[in-house]
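Structural description and commentary
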Amino acid sequence: MTDSHKIKQPPDTQELDSILRSSKLVSGGFMGTDQRSYEKVIQSDAADIACTGKTITDIVARMRDISALAERGLGANVTINENIQASATDTRGKIPCPWQHPGLFKKTVTTVKRLNADTILHWSDLSIHLIEKHGFFQGYGSPFRLAPKELVQIIFPA
Amino acid sequence: MKRSVSNNRKHVININGRRDLVVEGGMSLFETLKREQIFLPSACGGRGKCGLCRLKVISGGGPSNQIEKSHLSAKESVEGVRLSCQVKVENDIRIEIPPELLSIREHTAICTRITDLTHDIKEFRLELNKNDEFKYVPGQYIQLRCPKYNGNEEVYRAYSISSNPMDRNAIELMIRLTPNGICTTWCFNYLKEGDIVQFEGPHGNFCLSDTDAPIVFVAGGSGMAPIKCMLHHMKNTGNNRKATFFFGLNLANELFAADLMKQFERDLPNFSFVPVIAQPENQSHWTGETGLVTEALKRNLKDASLHEAYLCGSPGMIDAAIITLTELGIPKGKIFYDRFA
Ligand SMILES: Cc1cc2nc3c(=O)[nH]c(=O)nc-3n(C[C@H](O)[C@H](O)[C@H](O)COP(=O)(O)OP(=O)(O)OC[C@H]3O[C@@H](n4cnc5c(N)ncnc54)[C@H](O)[C@@H]3O)c2cc1C
Ligand code: FES
Ligand SMILES: [Zn+2]
């Protein structure tokens, strides 16, 4: 077997870190201005989730429910509960996962607005996948970073 | 796949048993074919992430790698399907690719006009060199090249052609700004009138059938683009099929191209335009259809079983419209939309 025929493995830690920091897949990358390694980001967010009493499975299921309700609004705001409204943008096209998962994720973005407060969260289908499969909420400064505690506080009814 | 330096050896790529390309080895098959003006679909620019650059390798090309195995089914692997961006050209290769991909060409154009359609949709007019005729079927799209800028890598993005197909030396695109989007941010903030742009195409098989069946067009936002192109084509060819265009928007102030649609209503005797505003602002005094576009479909179409439907918009809108239109009697096989959108 020649050198170039060696079976290529899914991205190693270093390669993945550089993909996550680059603009190869998304503008500005997934790490924002965060200097920590992506593994540290995942560990630290996992610790934050543990404090909320929710699991990744709970969070992802709730995000999916909200996105599904928002999509039914076809761009208009949809009331999710007395505290939040959500809408879905109409961006066409699909985007891959920076880890080596097969398949593409819709670019549709769900925007969640907390009523009577300025808080707005948004996530794409890829964000949900990154949380579900990789526990990755993204680095500080990424436009799609979701701080786990804030996310839980907003999306789950009080 | 990392791009490697050419190995300086010549190899032959045989395409569909009909055409031989003599190429320099060392790069991926995807890049090598691109250099030979053969453009395979891609949403990751050859990085092994999207799985769209498939083709069939009959012989050569070495064994498939782990990345390919994660994208391809066992059946596809047995049939010789490979990801062209993961196949390195270092021996002679025989491949099969769909013949329609062979008519895709790269074009250079000047962006001659940028028009605001709404706060987040702009129309871009791209004029080709006089000798460069661009032939396409109304409904098709191009892949616009977004060059490297501000730390972002070069990417290609799909945009439906919205212009009059009689205009062989220019195309127009309706592009909606995606917040934090690589290509749309470039189009809105960096691309200026007079700049040179590149695109390749045409792509896609979203096009009007040649039947007489009445048509339901359903679109939202920039999804108007291919429908507008089809309407120009209907006018150019004197096609008097009954056609109703349901155009879904969130607010009344997001409505655009209404005058042009009124003109189509005058030029095409059986055409009507139905804008549907989800949440009309009080001050807009909107008197037309309101609510979701799917609700308007239900109010206006009682039995659509003989109709054909052409959809363009977000995946959510397409899914919702398919459910409604099938409830109204249109068979799934008569509902058309871009598969990858
Ligand atoms: C066949 C076809 C035809 C099309 N025609 C048109 C058309 O006529 N007009 C039009 O306006 N569009 C059209 N599109 C859509 C277009 O191709 C692009 O997908 C769209 O313009 C966005 O491109 P972009 O480079 O600006 O955004 P991209 O950079 O590719 O993607 C931005 C999206 O990626 C996701 N994302 C970005 N960063 C992150 C992150 N950190 N974490 C998680 N998710 C993230 C979000 O979903 C965000 O919305 C078409 C698409 C297809 C497939
Ligand atoms: S181009 Fe995306 S996987 Fe090959
Ligand atoms: Zn993944």
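Residues numbered from 1 in each chain as written. Chains lettered and ligands numbered in written order. Predicted model: local features only at pLDDT ≥ 70, side-chain atom pairs only at ≥ 80, totals over all residues.

1. Quick look at the overall build of chain A
Rules: Each helix is a run of H or I in the DSSP string that is no shorter than four residues. Each strand is a run of E no shorter than two, and both are numbered from the N terminus. As a reference, a globule follows 2.2 Å times the number of residues to the power 0.38, and the radius of gyration itself is taken over C-alpha atoms. Backbone-placed C-beta atoms define the burial measure: a residue is buried with 20 or more other C-beta atoms within 10 Å of its own, exposed with 12 or fewer, and partly exposed in between. Note on contacts: each residue gets a C-beta atom placed from the backbone, and two residues are in contact if those atoms are within 7 Å.
Assigned secondary structure in chain A consists of 5 helices and 6 strands. Relative to the globule expectation of 15 Å for 158 residues, the C-alpha radius of gyration of chain A, 17 Å, shows essentially globular dimensions. Each of the three principal axes of chain A carries a C-alpha extent, and together these read 60 × 35 × 25 Å. Counting all 158 residues of chain A, 36% fall into the buried class. The contacts of chain A with a sequence gap of at least 6 include a subset with a gap of at least 24, amounting to 52%.

2. Details of the packing of helix α7 (residues 293-300) of chain B against helix α8 (residues 315-327) of chain B
Residue and element names in this part refer to chain B. What counts, and what does not: Axis lines are fitted to C-alpha atoms, over the contacting stretch for helices. Their N-to-C directions set the angle, which ranges from 0 to 180 degrees. Roughly parallel here means an angle under 35 degrees, roughly antiparallel means over 145, roughly perpendicular means 65 to 115, and every remaining angle is called oblique. Helix crossings get a hand from a simple test, with the near helix turned counterclockwise from the far one by less than a right angle marking a left-handed crossing and a clockwise turn marking a right-handed one.
At their nearest, the axes of α7 and α8 sit 9 Å apart, and the two run at 20 degrees to each other. Taken together, α7 and α8 sit at an angle that is classed as roughly parallel. As α7 packs across α8, the resulting crossing turns out to be right-handed. Here Val293, Thr294, Leu297 and Lys298 of α7 come into contact with α8, specifically with Met317, Ala320, Ala321, Thr324 and Leu325.

3. What about the sheet that holds strand β14 (residues 271-277) of chain B?
Residue and element names in this part refer to chain B. To be explicit about the condition: The rule for pairing is simple: two strands pair if DSSP sees at least two bridges between them.
Spatial strand order, β15-β14-β13-β12-β16-β17: 6 strands in an open sheet with parallel pairing. Looking at which strands have only one partner, the edges of the open sheet turn out to be β15 (289-290) and β17 (335-336). Alignment of strand β16 (residues 308-312) against β17, held across 2 bridges, turns out to be parallel. Bridge assignment links tyrosine 310 to a residue of β17, and that residue is phenylalanine 336.

4. Some points on the site of ligand 1
Just so we agree on the cut-off: Residue proximity rests on one test: whether the C-beta atom, placed from the backbone, lies within 6 Å of the molecule or strand.
The full set close to ligand 1 counts 36 residues, and Gly93 and Ser124 of chain A together with Gly181, Cys183 and Thr184 of chain B are the nearest of them. Mapping the residues adjacent to ligand 1 onto the chains of the assembly identifies chains A and B. Listed by contribution, the elements that provide at least two residues to the shell around ligand 1 are α4 (125-134) of chain A together with β9 (155-160), β10 (170-176) and α4 (182-189) of chain B.

5. What about the interface of chain A and chain B?
Which entries qualify depends on this criterion: Residues were grouped as follows: Ala, Val, Leu, Ile, Met, Phe, Trp, Tyr, Cys and Pro as nonpolar; Asp, Glu, Lys and Arg as charged; and all remaining residues, including Gly, as polar.
Between chain A and chain B, the residue contacts involve 30 residues of the former and 40 residues of the latter. Only α3 (56-72), β3 (94-96) and β4 (104-106) of chain A provide two or more residues apiece to the side of chain A that touches chain B. At 3 residues, β3 of chain A tops the list of elements feeding residues into the side of chain A that touches chain B. Grouping the amino acids of the side of chain A that touches chain B by side-chain chemistry returns 11 nonpolar, 10 polar and 9 charged.

6. Let's talk about helix α5 (residues 148-155) of chain A
To keep things clear, this is the line we draw: This arc describes the spread of directions from the helix axis toward the C-beta atoms.
For α5 of chain A, the complete set of buried residues consists of Pro148, Leu151 and Ile155 of chain A. Down the axis of α5 of chain A, the buried side of the element spans an arc of 60 degrees, and every buried residue falls inside it.

7. Some details on the sheet that holds strand β5 (residues 109-114) of chain A
Residue and element names in this part refer to chain A. Strand order in the open sheet formed by 4 strands is β1-β2-β5-β6, and the pairing between neighbours is antiparallel. At either end of the open sheet lies a strand with only one pairing partner, and these are β1 (78-79) and β6 (120-124). Bridge count between β1 and strand β2 (residues 84-88): 2 bridges; the pairing is antiparallel. Bridge assignment links threonine 79 to a residue of β2, and that residue is glutamine 85. Here α3 sits on the sheet and contacts β1, β2, β5 and β6; the angle it forms with β2, its principal contact strand, is near 65 degrees.

8. Re the domain arrangement of chain B
All names here are of chain B. For the record, the criterion: Start and end points for every domain follow an automatic or database-based domain assignment.
Along its sequence, chain B is organised into domain 1 (10-101), domain 2 (105-203) and domain 3 (215-336). Averaged C-alpha coordinates put domain 1 and domain 2 at centres separated by 27 Å. Across the contact, 4 residues belong to domain 1 and 6 residues belong to domain 2. Class assignment for the residues of the side of domain 1 that touches domain 2 results in 1 nonpolar, 3 polar and no charged.

9. Things to note about the nonpolar core
As a reminder, the rule being used: Remark: nonpolar core denotes a set of buried Ala, Val, Leu, Ile, Met, Phe, Trp, Tyr and Cys residues whose joining runs through C-beta atoms within 7 Å.
The biggest cluster of nonpolar side chains holds 71 residues, and the ones touching the most others in it are Val216, Phe217, Val218, Ile227, Phe246, Phe247 and Val293 of chain B. When residues of this core are assigned to domains, at least three fall in each of domain 2 (105-203) and domain 3 (215-336) of chain B. Contact partners of valine 218 of chain B, with chain neighbours within four places excluded, come to Phe246, Val293, Leu297, Ala309, Leu311 and Ala321 of chain B. Membership of the second largest hydrophobic core comes to 30 residues, among which are Leu20, Phe30, Tyr38 and Met63 of chain A.

10. Re the packing of α3 of chain A against α4 of chain A
All names here are of chain A. In contact at an axis separation of 9 Å, α3 and α4 are set at 165 degrees when each is read in the N-to-C sense. Considered as vectors, α3 and α4 are oriented roughly antiparallel to each other. Where α3 crosses over α4, the two elements pack in a sense that is left-handed. Note on element contacts: α4 touches α3 through Ile128, Ile131 and Glu132, opposite Ile56, Ile59, Val60, Met63 and Arg64. Its residues placed into classes, the contact of α3 with α4 shows 6 nonpolar, no polar and 2 charged.

11. Let's talk about the pairing of strand β13 (residues 243-249) of chain B
Residue and element names in this part refer to chain B. Heads up, the rule is: The handedness of a crossover follows from its direction of travel: if, with the strands pointing away from the viewer, the path from the first strand over the helix to the second runs clockwise, the crossover is right-handed.
The element β13 is extensively covered by neighbouring structure, given that 6 of its 7 residues are classed as buried. Alignment of strand β12 (residues 215-220) against β13, held across 6 bridges, turns out to be parallel. If you follow valine 216 over to β13, its bridge partner there is threonine 244. Handedness of the β12-helix α5 (residues 224-236)-β13 crossover: right-handed. As paired elements, β13 and β14 share 7 bridges and run parallel to each other. Bridge pairing in β14 links threonine 244 to serine 272.

12. What to know about α4 of chain B
Among all positions of α4 of chain B, only Ile182, Cys183, Thr184, Trp186 and Cys187 of chain B are buried. Buried residues in α4 of chain B make contact with β7 (121-128), β8 (141-146), β9 and β10 of chain B.

13. Overview of the confidence of the model for chain B
Filter applied, for reference: Confidence of the predictor at the level of single residues is given by pLDDT, which spans 0 to 100.
Per-residue pLDDT for chain B averages 92, and the proportion of residues at 70 or more is 97%. Interface confidence for the predicted complex, given as ipTM, is 0.83, next to a pTM of 0.89.

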